[in-house]
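# Report on the structure
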Amino acid sequence: MLETLTRVAPDVDPGTLDPELAFRDQFEIDSVDFLNFVIGLEKQLGRRIPEADFPRLSSLNGCLDYLGEAQETP
């Protein structure tokens, strides 16, 4: 997930991310960058992420929770 994020936003230092704070509040990420981030996650998961779930991917902890649930679901 962090690799995908840094591909989309190369200036991001993963070590300085606040896990609770939305990505857009921590660094410059526009809607196209965020969509590219989601597409990268979809490729990693091998499944589509419903648009309704996009808000859950807006922070580090949100992503970790979502990805953890996605791994548990066949």
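My aim in this report is to walk through the structure given alongside it, one point at a time. Note that the coordinates shown come from a computational prediction; the quantities given were computed from them, not determined experimentally.

Right, let's get into the pattern of salt bridges. Tallied over the full model, the rule gives two salt bridges. Close ionic contact of Glu3 with Arg7 constitutes a salt bridge, the shortest N to O distance being 2.9 Å. With Glu3 and Arg7 both in helix 1 (residues 2-8) and four residues apart, this pair spans about one turn of that helix. Here Glu3 and Arg7 have matching classes, each one exposed. For Glu69, the salt bridge is made with Arg56, and the minimal N-O distance between the two is 2.8 Å. Taken together, the residues span a long stretch of sequence, with Glu69 in helix 3 (residues 60-72) and Arg56 in the loop between helix 2 (31-45) and helix 3 at a distance of 13 residues. Taking the relative accessible area as the measure of exposure, Glu69 reaches 39% and is therefore partly exposed.

This brings us to helix 2. For helix 2, with 15 residues, the first-to-last C-alpha span of 21 Å sits near the 21 Å given by 1.5 Å per residue. Positive backbone phi, at 75°, marks Gly46, one or two positions downstream of helix 2.

Counting residues in each nonpolar core, the largest one holds 20 residues, and the members touching the most others are Phe23, Phe27, Phe37 and Leu57. At the level of elements, helix 1, helix 2 and helix 3 are the ones that each hand at least two residues to this core.

About the cut-offs
- Residues numbered from 1 in each chain as written.
- Predicted model: local features only at pLDDT ≥ 70, side-chain atom pairs only at ≥ 80, totals over all residues.
- Heavy atoms only, no water.
- Salt bridge = Lys/Arg side-chain N within 4 Å of Asp/Glu carboxyl O.
- Helix = DSSP H or I, 4+ residues; strand = E, 2+ residues; numbered from the N terminus.
- Buried < 20%, exposed > 50% of the residue type's maximum accessible area, 1.4 Å probe, protein only.
- Expected span 1.5 Å × (residues − 1).
- Core = buried A, V, L, I, M, F, W, Y, C linked by side-chain atoms within 4.5 Å.

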